[in-house]
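# Residue-level structure breakdown
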Amino acid sequence: MIYIIMGVSGCGKSTLGAFLSEKLGWPLHEGDDFHPPENIEKMARGEPLTDQDRLPWLLKVHEVIERERCSGTDALVVCSALKRLYRQILLHGSRALASPSSRAEDILPPTFPDVFFIFLHGDYDLLHQRMVARRGHYMKADLLRSQFDALEPPTDDENVLPMDIRRSIPDIAMEVERHVTSLKTSPVT
């Protein structure tokens, strides 16, 4: 199983990922590690990324997800996955970039039975406070608005577990762990 921990910057994706990785003993793949230097420099300057900027990064994260799925390994992936198209690229790679005459979402399944999105969501003001308080991250708090503007919350057909960030990390992790256990005891078809 693959759990993709998603949401806007400052929602706690990396913190939850590290906590779950330790608790479950699963490998953690941090999406930020796959950004090309140009993307990091752009965000550090306070410039939001475009779809074009994100595409090579999303395709790299897709390769990681595909490798883990093919090996049959359970894994955690941290990635903002703000738009439905981005989530489709994470799942289907370049096949999600169908020609304009044939919409990818009409052809490709919205998810796989062994892939789940943990959507960490919360209030703009709370997230902005968190981002202002954190140190050592290249993502500037000023970019949060652009992430909220781009966000297309996942829908039920995308195997989503919505989690309110007002909950504690251990509490969210416990719910994810219960989800994992329920799937392990009733195999995915």
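First things first, this report covers the structure right here in the doc. Only a predicted model underlies this, so the values are computations on that prediction, with no experimental measurement involved. Going along each chain's sequence as written, the residues are numbered from 1 onward. pLDDT decides what is reported in this predicted model: residues at 70 or higher carry local features, side-chain atom pairs at 80 or more are listed and counted, and totals for whole chains, interfaces and linings draw on all residues regardless. Note: side-chain values were computed over all heavy atoms of the structure, leaving out hydrogens and water.

### Points about the sheet that holds strand S3 (residues 75–78)
For clarity, the cut-off: Pairing between strands is defined by DSSP: at least two bridges between them are needed. In this description a helix means any DSSP run of H or I spanning at least four residues, a strand means any run of E spanning at least two, and both kinds are numbered starting from the N terminus. In this description, a line fitted to the C-alpha atoms serves as the axis of each element, helices being fitted only across the stretch in contact, and the angle between N-to-C directions of two axes falls anywhere from 0 to 180 degrees. Pairs of residues are marked as contacts when any of their non-hydrogen atoms sit within 4.5 Å.
Here 5 strands make up an open sheet; going across it, the order is S2-S3-S1-S4-S5 and the pairing parallel. The sheet terminates laterally at strand S2 (28–30) and strand S5 (160–164), the two strands that pair on one side only. Across this sheet, the average inter-strand angle for adjacent strands is 20°, counted without regard to direction. One ladder, built from 5 bridges, connects strand S4 (residues 115–121) with S5; its direction is parallel. When the sheet's bridge partners are listed, Ile 118 is paired in S5 with Leu 161. Along the sheet, helix H4 (residues 84–92) makes contact with strand S1 (2–6) and S4, crossing S4 at roughly 150°. Along the sheet face, helix H8 (residues 169–185) touches S1, S4 and S5 and points at about 160° away from the line of S5.

### A closer look at the nonpolar core
Nonpolar side chains in soluble globular proteins tend to be buried together. Operational definition: Residues belong to a common nonpolar core when they are buried Ala, Val, Leu, Ile, Met, Phe, Trp, Tyr or Cys residues joined through side-chain atoms within 4.5 Å. To sort residues, take the accessible area from a 1.4 Å probe on protein chains only and compare it with the maximum for the residue type: under 20% means buried, over 50% means exposed, and anything in between is partly exposed.
By size, the foremost hydrophobic cluster in this structure holds 50 residues, and its most contacted members are Tyr 3, Ile 4, Leu 90, Ile 118 and Leu 120. Broken down by element, the residue count for this core peaks at 6 residues, all from S4. Ignoring anything within four residues of it in the chain, the contact list for Tyr 3 reads Trp 26, Ala 75, Leu 76, Val 77, Phe 116, Ile 118, Leu 161, Val 176, His 179, Val 180 and Leu 183.

### Overview of the packing of aromatic side chains
The cut-off we apply is this: Stacked, tilted and edge-to-face are the three classes assigned to paired rings of Phe, Tyr and Trp, where Trp is represented by its six-membered ring and a pair needs centres within 6.5 Å; plane angles under 30 degrees give stacked, over 60 edge-to-face, the rest tilted. By definition, being over a ring means that NZ of Lys or CZ of Arg is both within 6 Å of the ring centre and within 35 degrees of the ring normal.
This model, assessed by the stated rule, comprises 3 aromatic pairs. Ring plane angle 40° and centroid distance 5.8 Å describe the contact between Tyr 3 and Trp 26, whose orientation is recorded as tilted. Of this pair, Tyr 3 sits in strand S1 while Trp 26 sits in the loop between helix H1 (13–24) and S2, placing them 23 residues apart in sequence. On the accessibility criterion, Tyr 3 (0% relative accessible area) is buried. Here Tyr 3 and Phe 116 contribute two aromatic rings whose centre-to-centre distance is 5.2 Å and whose plane-to-plane angle is 25°, an arrangement assigned as stacked. On the criterion of sequence distance, the pair formed by Tyr 3 in strand S1 and Phe 116 in strand S4 is long-range, its members being 113 residues apart. No difference in accessibility class separates Tyr 3 from Phe 116, as the two residues are buried. Within the aromatic cluster, the residues linked to one another by ring pairs are Tyr 3, Trp 26 and Phe 116. Positioned above the aromatic ring of Phe 112, the side-chain terminus of Arg 69 is 3.9 Å from the ring centre.

### Quick look at unusual backbone geometry
If you check the backbone angles, Ala 81 has positive phi at about 45° while not being a glycine. Looking at where Ala 81 falls in the secondary structure, it is placed in the loop between S3 and H4. Phi at Asn 159 takes a positive value of approximately 55°, unusual for a residue other than glycine. Within the secondary structure, Asn 159 is located in the loop between helix H7 (144–150) and S5.

### Considerations on the side chain of Glu 68
Inspection of the secondary structure assignment puts Glu 68 in helix H3 (residues 51–71). When residues no more than four places from it in sequence are discounted, the contact partners of Glu 68 are Ile 2, Pro 27, His 29, Thr 73 and Ala 75.

### Describing the packing of H1 against H8
Our working rule: Angles are sorted into four bins: roughly parallel if under 35 degrees, roughly antiparallel if over 145, roughly perpendicular if 65 to 115, and oblique for all others. Definitions for this section: a left-handed crossing has its near helix turned counterclockwise from the far helix by less than a right angle. A right-handed crossing has that turn clockwise. Three categories are distinguished: nonpolar for Ala, Val, Leu, Ile, Met, Phe, Trp, Tyr, Cys and Pro, charged for Asp, Glu, Lys and Arg, and polar for the others, with Gly belonging to the last.
The interhelical angle for the contact between H1 and H8, taken along N-to-C directions, is 55°, at an axis separation of 10 Å. Taken as axis vectors, H1 and H8 run oblique relative to one another. Here H1 and H8 pass one another in a crossing that is right-handed. Note on element contacts: H8 touches H1 through Ile 169, Pro 170, Ile 172, Ala 173, Val 176 and Glu 177, opposite Thr 15, Leu 16, Phe 19, Leu 20, Lys 23 and Leu 24. Its residues assigned to classes, the contact of H1 with H8 shows 9 nonpolar, 1 polar and 2 charged.

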